[in-house]
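Coordinate inspection notes
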Amino acid sequence: LSNQQDIICPVCDVNNVTLLRPVSDFSLTGDIFDIYKCENCSLNFTHPIPDKNHIAPYYNFPEYISHSDIKQGWMNSLYHKVRQRTLKQKTDWVQSLFTGYKGSLLEVGAGTGAFADAMAKKGWKVTALEPDVSSREIAFNNYGINLLPSSALENLTSNSFDVITLWHVLEHVHDLKIYIHTFNNLLKHNGRLII
């Protein structure tokens, strides 16, 4: 067990945190985590944060909808109906930031490629990253798009994206400060980071 004074915010490195509440991983492991709030930057984060070597069990179930694209069952059916609505909201929102302009977009954590496909259909030049191999295969089979592995982030060109999106991704990111710095480097001067 950690002493609360030893817990440091993963974004701003300040150790002024307040315990909000404990939570359980209801989907698979039953593990209990504490949610802390950083009083400096207001980030809420779990503790302990599973590192890269221990995170896999929290995703190890075939029903993880955003990676499987399963359509059978009422919950999955509802997910797809909601996704259709939110896809329109997201694409409209991004387009409203650049009225009449079709730029370059980086989607980080593309799942099975629905948003990347929707933005490409609106005329945007899309680069999309997804760590899960089976999700990348589904994206290719469903939309004919090649999602890149997350490691491709290291090889992207500076100042090349008008928009970078992270839809339900930030909570899965290790090395948060490095990612934010990388995104800042990849964005064009007036670019937007949407989290």
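Since the structure is predicted, the reported quantities are computational estimates derived from the model, not experimental observations.

**A word on the side chain of Glu107**
- Along the chain, Glu107 falls in strand 4 (residues 104-108).
- The contacts of Glu107, once residues within four sequence positions are left out, are Phe115, Ala116, Thr127, Ala128, Leu129, Thr165 and Trp167.

**Some thoughts on the pairing of strand 7 (residues 187-194)**
- Here strand 6 (residues 161-165) runs beside strand 7; their pairing, made up of four bridges, is parallel. Directly across from Ile164, in strand 7, lies its bridge partner Leu193.
- Following the backbone out of strand 6, through helix 5 (residues 176-186) and into the adjacent parallel strand 7, one traces a crossover that is right-handed.

**Comments concerning the packing of aromatic side chains**
- This structure, assessed with the given rule, holds seven aromatic pairs.
- Between Trp93 and Trp167 the ring centres are 6.0 Å apart and the planes differ by 50°, which places this aromatic pair in the tilted class. Residue Trp93 is found in helix 2 (residues 74-97), and its partner Trp167 is found in the loop between strand 6 and helix 5; the two are separated by 74 residues along the sequence.
- Each ring, one from Tyr101 and one from Trp124, has its centre 6.4 Å from the other, and the planes form 85°; the classification is edge-to-face. Separated by 23 residues along the polypeptide, Tyr101 in the loop between helix 2 and strand 4 and Trp124 in the loop between helix 3 (114-121) and strand 5 (125-129) bring together distant segments of the chain.
- The class of Tyr101 is partly exposed, set by a relative accessible area of 34%.
- Taken together, the aromatic side chains of Trp93, Phe115 and Trp167 make up a single cluster linked through ring pairs.

Conventions used here
- Residues numbered from 1 in each chain as written.
- Predicted model: local features only at pLDDT ≥ 70, side-chain atom pairs only at ≥ 80, totals over all residues.
- Heavy atoms only, no water.
- Helix = DSSP H or I, 4+ residues; strand = E, 2+ residues; numbered from the N terminus.
- Contact = heavy atoms within 4.5 Å.
- Pairing = 2+ DSSP bridges.
- Right-handed = clockwise from strand over helix to strand, strands pointing away.
- Phe/Tyr/Trp six-rings, centres within 6.5 Å; stacked < 30°, edge-to-face > 60°.
- Buried < 20%, exposed > 50% of the residue type's maximum accessible area, 1.4 Å probe, protein only.

The values are spatial; any link to function lies outside them.
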